[in-house]
Structure formats: structure tokens, C-alpha cells
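Survey of secondary and tertiary structure
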Amino acid sequence: MAKDGLTEFRLIGTRPDRPDGLDKVTGRARYGADFALPGMLFGAVVRSPHAHARIVRIDTSRALALEGVKAVVTRADLPDGLEGEDWDLQENTLAGDRALYDGHAVAAVAATSRLLAEEAARLIEVDYEVLPHVIDVDDAIRPDAPVIRQGAADASVPEGMPPNVVRYMEFGHGDIEAGFAEADIVRERSYRTEAAHQGYIEPHACVGQLGADGAGEMWVCTQGQWYIRRMCAAVLGLETAQLRVTPSEIGGGFGGKTTIFMEPLSLALSRKAGGRPVKIVMSRAEVLRATGPTASASMDVRIGMKKDGTITAARAEFRMQGGAFPGAPVDMALYCAFAPYKLPAVQHIGYDVLANRPKCAAYRAPGSPMGAFAVESLLDEMCRELGIDPVEMRLTNAVREGDRASYGPTFGSIGLVEVLEAAKGHPNMAAPLGPNQGRGIASGYWFNHSGETSVSMAISEDGTAQVSVGTPDIGGSRASIALMVAERLGIPYEDVRVNVVETGALGVNEPTHGSRATFASGKAAVVAAEQAIAEMCRRAAAEWGIDAEAVEWVDGAAQPAGPNAGRFPPMTIAEIAGKMGQTGGPISGHHEGLPEGVGASFGAHVVDVEVDPETGRVTILRYVVVQDAGRAIHPAYVEGQYQGGAVQGIGWALNEEYVYDDRGRLANPAFLDYRVPVASDLPMIDTVIVEVPNPGHPYGVRGVGETGITPPLPAIANAIEDAVGVRLTHLPMSPSKVLAALKGRG
Amino acid sequence: MRYHTPTTFAEAAGIAAAAQGVTRFLAGGTDVLVQMRAGMVLPDDLIDLKKIDGVDRIDPTPEGGWRIGVAVPGIALGAHEALRADWPGVVEGMELVGSTQIQGRATLVGNLCNGSPAADSVPGLVAAGAMAEITGPDGGRVVPVADIPAGPGRTTLQPGEVISALLLPPRGTAGGDAYLRFIPRTEMDIAVVGCAVNLRCDGDTVTEASVVLGAVAPTVVSVPAASAAIIGTALDDTALGTLAEAASAACRPIDDKRGTIAFRTEVAGVLAKRAARIAHARAKGENA
Ligand SMILES: Cc1cc2nc3c(=O)[nH]c(=O)nc-3n(C[C@H](O)[C@H](O)[C@H](O)COP(=O)(O)OP(=O)(O)OC[C@H]3O[C@@H](n4cnc5c(N)ncnc54)[C@H](O)[C@@H]3O)c2cc1C
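Residues numbered from 1 in each chain as written. Chains lettered and ligands numbered in written order. Predicted model: local features only at pLDDT ≥ 70, side-chain atom pairs only at ≥ 80, totals over all residues. Heavy atoms only, no water.

**Describing the overall build of chain B**
Counting its secondary structure elements, chain B contains 11 helices and 14 strands. In terms of C-alpha radius of gyration, chain B reaches 19 Å, essentially the compact-globule figure of 19 Å for 288 residues. Within chain B, the proportion of its 288 residues that are buried is 54%. Of all intrachain contacts in chain B linking residues separated by at least 6 positions in sequence, the fraction that spans at least 24 positions is 57%. Accessible surface for chain B amounts to roughly 11,900 Å². Of this, 53% is attributable to carbon and sulfur atoms. Between the mean site of the 24 positive side-chain charges and the mean site of the 31 negative ones, chain B shows a separation of 5 Å. (Helix = DSSP H or I, 4+ residues; strand = E, 2+ residues; numbered from the N terminus. Rg over C-alpha atoms; globule rule 2.2 N^0.38 Å. Buried < 20%, exposed > 50% of the residue type's maximum accessible area, 1.4 Å probe, protein only. Contact = heavy atoms within 4.5 Å. Areas by Shrake-Rupley, 256 points an atom, 1.4 Å probe, with all protein chains shown as cover. Lys, Arg positive; Asp, Glu negative; His and termini not counted. Charge placed at Lys NZ, Arg CZ, Asp CG, Glu CD.)

Laid out in C-alpha cells, this is it:
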């Protein structure tokens, strides 16, 4: 479905096995917890059982007296004087004078076995003075709420705001009141979403080693080894270059592994234990209580619409809590909320609010799903009221290339219209619906991101190629990068090996986040391959005694460019590589920078549900994801991203939520009660890959990893209304909530 | 922690009676080991029952019922066709427990003695009139399974007492049972409400019935009023309506992370109706 319909590729768009596949299915792949070193100790973390408490006393003597215990670390072991995000990271690593949420780390211990470390952790005595706490965002924003931290607000917060508001934003364009006045109907509603965890299968795990000289190493499950390095160095007061960080294979991250949690503790414990390496592996309960999750949101949306479906004005006010630290993605939520629509007038207002919960981390399209839930739900209701087809309404208002985005910039090449047309024509749209069954549709958006990128590639003696990237492979990026490099070099896919390397091997790379790996590392790898090609052409030219400019690279070989250049048989990559030791030494390429030309990705999802009117259970009958990939380098892994995003969105929509008891403790820190969907809950998720190539990438790539989690939340709410006539505005739409709504108790 | 492997129930009871601290029996371990790993229970004495002769057997009793060993895993119950033909509701309750991996280990007795109000196999056992054979330091006794649960995490077993087998009564003619649970997902979840119905028919008419609810009170609850609502009827809509009301009225649930009071109360009635229909069809020899 390529927009140009012209380009033919040898490898791009094929579906070879991923290079890491065999290791993964045979259990050979090394994940975070698989790493071990001689003399290694095991760490355990003492965590606050209170949502908010002053730490009166920590007594570590009984733990230290235990045979086999080698070190204990408290906040007193970390340097003073940090500021801003560094201070937040340090405070989250180990509580200072107050524990700020249930699960907040208070102390850590290292011992010769894991069981011993856990026993020692139980022997560390902490006296707490319990303080009033606040969990809910609307409670936290009240002027009389317990104050999480004085002076945490930044300069954006106007005088006189409630004390837990730490960031405030207001932006938009056009005459909003005139826009509403022009509308035939103006509707307003409030929505709420609950905190959801990224739910990666692999818990956080690391082995850290730090000597008295301040030089250290870490092996860790992460999306970004340079982030780990910088953040650990900041929290512990180390010199960044003295720390070398190697990423393991990664069992999911979804944004939650772009920051630090217990990693600095393993280094701090190692330093106190005479430099012996210390391994820390989180339990699932620790993962749920103290890492991730995303923010919870309370949102008001107001939209004006004409009878023909034209949107005349829109306004959103979002309040989000992202835990006890600034950083709820309220800005992103607002940027994305109206992004699919061309709006003459729009206003956004956002509050970032502190509450006694864990520090939120990025989660797949941070903020966008919440905003979409509110906006796409209200639009659907308005279409129903006006009797307009929801796809037609979306087409009527769809943004196109050159339009001004709701959040300011002008869109380049985008594929929203193509996506909506493909959804409209999908067979699921015509599938018959039975009693208590309904269909919902919603759109979603993510910007995608580029970021600091450094890639090296080198030709081996036999003409195969190795590529060193700094972006850990979460969703098949090694396969995609290998395809692009092999395409460019004109060699088989199997001849390219892509390695995810440690911090000592390249310049700074941002993590695999923002759907950037295939775009940014891929683009840099293609540039690096082109440098190697140029060098190989020079080597051939030198041997032939002709100008380098007179040589071209075709099908994996140098050849004279046209009859005037001379008559020589093509010189293959293997021939050139085989004698590179005599012709000038190693042949490689390297590119670094901030790759430009990121392409945004729009998607639309269509879901059919059935609601059991007696129990409120919602069953997903059919589901299709339609999304613009720019170009699918490896379509199977693009489909995997679409399906994975949809499934995480379905979980968030139907059952996933952080539940707190009245003392502010997380009531469901286990997968039993933190309900991600299981395989039998879902039908096969159908996918349609729309390809409107991104002109900013050599092969047209847009990021595809994040948009897919955005539409499921509203699409399912819209389908439930279609099925049984009740509108749910508070996630998750669990059986209890759906049944209550059906019985008029909602 | 001391790990024991007695070879008789008398020996197991003796070890348990002599133990001073926290004691657990180990059947499948799918509750005990998980609780140990989570640090919730750290036993001083762990008494493995799987080395005792016969604990993995399912035997017919002279009366025509069944004697089920305390280490028989869910997967073996499910594979036993004669037992399943007699008591499909009991077997389906146990088969709902966990996943394939858990089924390879988890037992009926462990499900009962773990003391969860939401245990999936217990309503079916109680509705069937199952009995527990108990060995204690001073000898044995046989009590209805219904008398074992005492509240969340508690049983009426005395210190040193161990269940040595479960006994299911003879099925008799024209009987059928069924168990349904409500969970938000489709598997790997814990019952928000559970309901077992065991009944006997004469033609279409119900002549005996037992309706038992799980997860709606501190222990499993038998609901005589619900049984009465369907005895003498052919499960017409009015009878089913009265059944549902009686089941809902018997609920004493809590509001928690798994469901609200209103939800559990409401859905108890819905499941009672649905389970009764299945049990009725089975009693009449229909496939259900
Ligand atoms: C992933 C997972 C999913 C699960 N899903 C479900 C589910 O869907 N539904 C459900 O109901 N449960 C579920 N469970 C809980 C558990 O599997 C069941 O309760 C199981 O039946 C316990 O049996 P067991 O043999 O493993 O018990 P064990 O763990 O061996 O023992 C449980 C308790 O019973 C006591 N006990 C054992 N045998 C005796 C005896 N002979 N006499 C006296 N006391 C004894 C032990 O001391 C202990 O307190 C699940 C557990 C897991 C880990």
C-alpha cells in the first residue's frame, strides 16, 4: 500500500526470522537476572509499608550482625546537594527524611545469598511516624490536601495554586468562544483513567560493581544503557565515564525501563562491600509497588460541533498525578488529545499534581491514551446524537499535510486520511452484530521521536557486516536494522549481524523509546553503510586505477559506472574485504547526531464487543488495528507492535488499575489482581499496515511502537455504548462498573 | 525450617501435634510454596504428605461413592472418566483452579484447607455432600466438608489433625451437579462469585437440590432457601427468579479490589440460575 507504489526492494518488507529468535525460544538468551559473576553478593531492599511517613530511625545493627551480610546502605550513604530531576531520582532511589509512597525504598542490604539478604532486610528496623496521605488526583489538587513536598512547583505554576500542583500549562489557538458560538451542539463531559503499569514480563534486574576508585560496571535489563549510566552517576556522585553499562536482553519495557530504580543501590552496596559485585532482582510485588506505572487522570472536555460533523472548537482541561514527583505526562496528553483534528479554535489546560504514589515512568505513548479516551469518547457521543457516521466525522475533520496541528506545529507528510479510508473499507466494518453486541471506533496519535544516536558498522574479512547500535532491541529492531543495512550493501540479510553494545563502545545514545530505534538507529546505520560503500568504491577504484567517482555500488559489488569508466568485472564485497588489510586497513562507517525527519503515526481501531447484561462482562469479539507505518521494514514485527499496543490498551480499558486501600497501600501488587489480559481473553488482533512513506527516512520509516495503545480505551467505551446503551467515563470498564451502569447505579 | 516426609497419616499427625511453631502440610504446594516465596508464611515445620501410600489414588467405595487421596492433582481428577460422569460439577470446580502447570499439582484438600472463601472446588464438594476423613493424634473422625472452613485462612481442624482422604457419596440415579464462577478474565483468576448446584430429578421435576455459594461470605455458604425455591419445580422462570433472589439474599460479601458488594450479590443470583440449568440438564442425561 506504498503511497508512491513504485519502489521495489530486495529485502525491505520481507519477513525473515529475527536474529535473536533462536536464543529466545531455546532459553539461551541472557536476560537481566541471568547474569552472574564470581564472588557476587545479592541485594534486597527495605520498603516503606506506609503511603506517607516520617522516617524517625533506621537501625541496621541486627542485620549487620547476621553472618554473611556484607553491606547496608541508607540515604546517609548517598551524596547531598543534588537538584532538579537528579534530586528526584535520588530521593526515589532511597527515601530521605520521609517515605513518600507505599513501596518507597528506605534501605538496602547485600549478603552472600538471596535468602540471607531477604532475612537481613527483615531485620532492619525502621520507625515511622505516619503522616496524612493523598492518593486520588482530584483529592490531591484540593487546597487542604496533605502536602507532598513544599517548593516542588516550577516557574510555570501561578501564585496561589494548591500546593501539590507542580507544573501548569495553558496553550491553544483561535477564538474559542466564537468557535463554540458557531456550533450547533456543544457538549461537555468529565472522564477518569486509573494508573496502569507497563506490565513487562521481566522484572528489573541488575548486577553492579563499584570499586573504591570510583570505577564501576553494570549489567542491567534496560531500554537505555546511557541513561542508566548518567542517572546512576548523578545519584551516587560518580564520574560518568568511569561507569560502563552493558544492557541484557530485555523482556519488555514499554517505557518503564528508561529510568533507574534499584540500579544505584547495587553499586552503592558493592562499594561498601569492598567492590564485590551485587545482584538485585525485583519481585513482581516490588515492580508493581515501586516502578512504572503511568499517571492517573481526571479530565474535562468540551467540544462544539456543527450538524454536518465539523468541529468548531474544543477545550480540554486535564489533571494528572504521576506520584510523589513531578513528571505526569499531562503535556503529552494535551498535545495528542486533539491531534487528529483540524481545529479553528482549541484551548488546553494542564495540571501536574503530586500524590503519595510511585514516581510514574513513561508508558507507551505517555499521556496519549488518557487524552484519547476523553476526546474520542465525547466525539463518539456527539456523532450518535447528531446521527453522523463516526468514520465520516473523522474524515471531515482529519488533519492533512500542511495543516496546523492542535498543539502548534505544522504537519508534514502524514497518513491519517489513508488510515481512516482503510478502516472504512475493512470487512469488520460490515460484520453483522447480534444482541448485546456493539462496534466502536477511535483514532490515536503519537509524534515519534529521534534523539541522540550513534551507530558504527564494520565490514568483516569475509565481506559480512557487523553493526553496533546503542538502542536495545525490544520489538525486533535488530532484524529491521539488519534488513536495511543488507538492502543498502546488497548482501544477504543473514550476512549482517546487529549488536546492541555497551556504553564504552559508542557515543551517547538515548534509549529505545519514542518509537525511535528503527527510525533513528536505522537511519544512522544506513548512513554508516553508505560510508563503507564509498570506501569500498575507493578501494576498487584504486585497484583499477580509475577515479573513485567513476565507481558505483550495485548488488553487493563495486563496478565501473558506465562504459566510459573502464571495463572491469565487478569486485564483490567479499573480494574487497578479503584484501582490506593490504589496501588500507579496516573498512567501516560511523554516524552520529540527532537524525532529522521524524514521521508521526496515526492509527484507527475498530472493535466489536459483546456485553453480558447480567454480569457486565465485556468480551472482545473482533479487533482490527489500522495504522500508518511509513514503510514496514519487517511487517511481522510491525504487526506485533500493533497487536501488542492494542492488547495493552484493552487491558487498561477493561481491568487494569492500581487499587489503593484506605491507608494508601497498593492493594493489588500481583498479577492475580493487577489484571493484564490473558491470551484466552482475546481474539486474534487483525492488523492493516498503511504505508505513507516518511520522506525523512531513507526507507520511509515512521515509528510504530506507541500509537497502538491509544485508541483501544475510547474504542471499547464507544463499542459498549453501541452494544447496551450505557456510556462509561471512568476506566477500567470492569464488570462491576458496567453492571452498575446497566442497573442505573453508575 | 524442618522438612518432614512421613509415610503414614498417623506419623504425619504425630509430627504436627509435636510441632511448636508455624506448621504446614504440603500437598501440591501451589498455595504453600507461593506463600513462602512471598514471605507471607515461613513455616517452622513443613510436612510433605506425598510419601504416604495411596495418596495419589481415586478408589470406588463399597457404597458406590468415591474415595479421593489427598495428593490427587486436578489433572488426574479431570482424566478420571467414571468420577467425572458421577460428579461433573465437583470435577469442573477443581479443573478451574489455575493453569495446566498448577493442575499438575493442585489438590482438592489443599484447596479446602488453604481456607480461601473463593476456593473453586469447595462449593461443589459441599453441594455434593462430600465428607472429610481426618486423622488426628488421638485417632480418626469423619466430618462433612461443609464443616471444615472456619473463615478466611482458617479451618476447624485441630492442631495435629490432617485430612487423610475425601469421600464423595454415591451419585444415584437422575442426579446432576454443576459449578460456575465469575472472574473478570477468562482464566488465571480468582472467583469473584462462585456457585455450585447439585440436584436430583424425577422427570423434569427437581426432587432434591443443594445450592452453595463461594466468595460471597467468610466461608462457603449453603443456601437452603435457594434449594427450596427449585424443589418441586421444572426450573420455570418463576422458580429460577426465586432461586436467584434467595441466592442473592444469602450473600454477606465484602467490597474489595475484586468486586463490590452490589456486584457480588447480584451476580450470585445470576450464577445460581445458570448453574441450576446446567445441573438440571445433566440430571436428565443431556450433555451440558
Ligand atoms: C497460578 C495459580 C493459580 C491459582 N488459581 C486458582 C483458582 O483458579 N482457584 C482456586 O480456588 N485456587 C487457585 N489457586 C490456589 C491453589 O492452587 C489451590 O488452592 C490448590 O487447590 C491448593 O492445593 P495444593 O495441593 O497445592 O495445596 P498446598 O499448597 O499443598 O496446601 C494448601 C493448604 O492446605 C493445607 N493442607 C494440605 N493438605 C492438607 C491435608 N491433607 N490436611 C490438612 N491440611 C492440608 C496446607 O497446610 C496449606 O495450608 C491458584 C494458585 C496459583 C499459584
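**What about the sheet that holds strand β3 (residues 69–73) of chain A?**
All names here are of chain A. Taking strand neighbours across the sheet as the criterion, the seven strands line up as β3-β5-β1-β12-β9-β10-β11 in an open arrangement whose pairing is mixed. Unpaired on one side and paired on the other, β3 and β11 (243–247) mark the two borders of the sheet. Going from strand to strand, the sheet's axes swing by 20° on average, the running direction of each strand aside. Of the pairings in the sheet, the one linking strand β9 (residues 205–210) to strand β10 (residues 216–220) comprises five bridges and is antiparallel in character. Bridging across to β10, Val207 finds its partner in Trp219. (Pairing = 2+ DSSP bridges. Axes fitted to C-alpha atoms, helices over the stretch in contact; angles between N-to-C directions.)

**Quick word on the packing of aromatic side chains**
All names here are of chain A. For the structure shown, the criterion picks out 20 aromatic pairs over all chains. Consider the rings of Phe35 and Trp219, whose centres lie 4.7 Å apart with planes at 15°: the pair is stacked. Of the two residues, Phe35 sits in the loop between α1 (21–26) and β1 (41–47) while Trp219 sits in strand β10, which places them 184 residues apart along the sequence. Put simply, the rings of Phe171, Tyr335, Tyr407, Phe411, Tyr445, Trp446, Phe447 and Phe602 touch in pairs and so form one group of aromatic residues. Lys257 extends its terminal NZ or CZ atom over the ring of Tyr200, reaching a point 4.4 Å from the ring centre. (Phe/Tyr/Trp six-rings, centres within 6.5 Å; stacked < 30°, edge-to-face > 60°. Lys NZ or Arg CZ within 6 Å of the ring centre and 35° of its normal.)

**Quick look at the sheet that holds strand β14 (residues 221–222) of chain B**
All names here are of chain B. Here we have four strands laid out as an open sheet, ordered β11-β12-β13-β14, and antiparallel in their pairing. With one partner strand each, in any of the chains shown, β11 (175–182) and β14 form the two edges of the open sheet. Judged from the two bridges that link them, strand β13 (residues 205–214) and β14 form a sheet pairing that is antiparallel. The residue of β14 that forms the bridge with Val212 is Ser222.

**Here we look at the site of the ligand**
All names here are of chain B. Residues in close proximity to the ligand total 32 residues, the closest being Gly28, Thr30, Asp31, Thr107 and Asp120. In the environment of the ligand, an oxygen atom lies 3.3 Å from a nitrogen or oxygen atom belonging to the backbone of Leu96. Backbone polar atom of Gly98 to a nitrogen atom of the ligand: 3.0 Å apart, as the coordinates give it. Here the residues of the shell around the ligand sort into 19 nonpolar, eight polar and five charged. Among the domains, domain 1 (2–51 + 62–168) and domain 2 (178–283) are the pair contributing at least three residues each to the shell around the ligand. (Near = heavy atom within 4 Å. Polar contact = N/O pair within 3.5 Å; in protein donor to acceptor, adjacent residues only side chain to side chain. Nonpolar A, V, L, I, M, F, W, Y, C, P; charged D, E, K, R; others polar. Domains from an automatic or database assignment.)

**Things to note about the side chain of Asn356 of chain A**
All names here are of chain A. In this structure, Asn356 sits in the loop between β15 (346–353) and α11 (368–386). Of the polar contacts made by the side chain of Asn356, one reaches the backbone oxygen of Ala51; its length is 3.4 Å. Polar side-chain contacts of Asn356 include one of 2.9 Å to the backbone oxygen of Leu100. Beyond its immediate sequence surroundings of up to four residues, Asn356 is in contact with Ala51, His52, Leu100, Tyr101, Pro132, His133, Val134, Ile135 and Ile148.

**Side note on helix α1 (residues 9–18) of chain B**
All names here are of chain B. Of the positions making up α1, those classed as buried are Phe9, Ala12, Ala13 and Ala16. Take α1 and look down its axis: the buried residues cluster within an arc of 95°, on one side only. Pointing more than 90 degrees away from the buried face of α1 are the exposed residues Ala10 and Ala18. Packed against the buried residues of α1 are β2 (23–26), β3 (45–48), β6 (131–136) and β10 (162–168). (Arc of directions from axis to C-beta.)

**Thoughts on helix α19 (residues 712–724) of chain A**
Given 3.6 residues per helical turn, the α-helix brings residues three or four places apart onto the same face. All names here are of chain A. When the terminal C-alpha atoms of α19 are compared, their 18 Å separation across 13 residues agrees well with the 18 Å that a helix rising 1.5 Å per residue should span. Of all 13 residues that make up α19, 12 are buried, and the element is covered over most of its length. Among the structural elements, α11, β16 (437–446), β24 (601–611), β25 (618–628), α18 (635–654) and α20 (735–742) are those in contact with the buried residues of α19. Gly725 sits one or two residues past α19 and shows a positive phi near 75°. (Expected span 1.5 Å × (residues − 1).)

**What about the packing of helix α10 (residues 330–337) of chain A against α11 of chain A?**
Residue and element names in this part refer to chain A. One can describe the packing of α10 onto α11 by two numbers: an axis separation of 7 Å at closest approach and a directional angle of 45°. Considering their axes alone, α10 and α11 lie oblique with respect to each other. As α10 packs across α11, the resulting crossing turns out to be right-handed. For the pair formed by α10 and α11, the contact residues are Ala333, Cys336 and Ala337 on the first element and Ser368, Gly371 and Val375 on the second. Considered class by class, the residues forming the contact of α10 with α11 number four nonpolar, two polar and no charged. (Parallel < 35°, antiparallel > 145°, perpendicular 65-115°, else oblique. Left-handed = near helix turned anticlockwise from the far one by under 90°.)

**Considering the interface of chain B and chain A**
Contact residues are listed per partner, giving 21 residues for chain B and 24 residues for chain A. Approximately 2,000 Å² of surface area, both sides summed, lies buried where chain B meets chain A, with 50% of it carried by carbon and sulfur atoms. Our count for the chain B to chain A interface comes out at seven salt bridges. Taking the shortest distance from any N to any O, the salt bridge between Glu614 of chain A and Arg274 of chain B comes out at 2.8 Å. Here chain B and chain A share 16 residue pairs in polar contact (both at pLDDT 80 or more) between them. Counted by class, the side of chain B that touches chain A contains 10 nonpolar, three polar and eight charged residues. (Buried area = accessible area lost by both parts, 1.4 Å probe. Salt bridge = Lys/Arg side-chain N within 4 Å of Asp/Glu carboxyl O.)

**Looking at the pairing of β24 of chain A**
Residue and element names in this part refer to chain A. Here β24 lies mainly inside the structure; 10 of its 11 residues are buried. By the bridge criterion, 10 bridges tie β16 to β24 in an arrangement that is antiparallel. When the sheet's bridge partners are listed, Arg439 is paired in β24 with Asp608. Bridging between β24 and β25 involves nine bridges; their strand directions are antiparallel. Following the sheet pairing, Gly603 is matched in β25 by Gln627. Hairpin remark: β24 followed by β25, antiparallel, with six residues in the connecting loop; positive phi at Gly616, about 75°.

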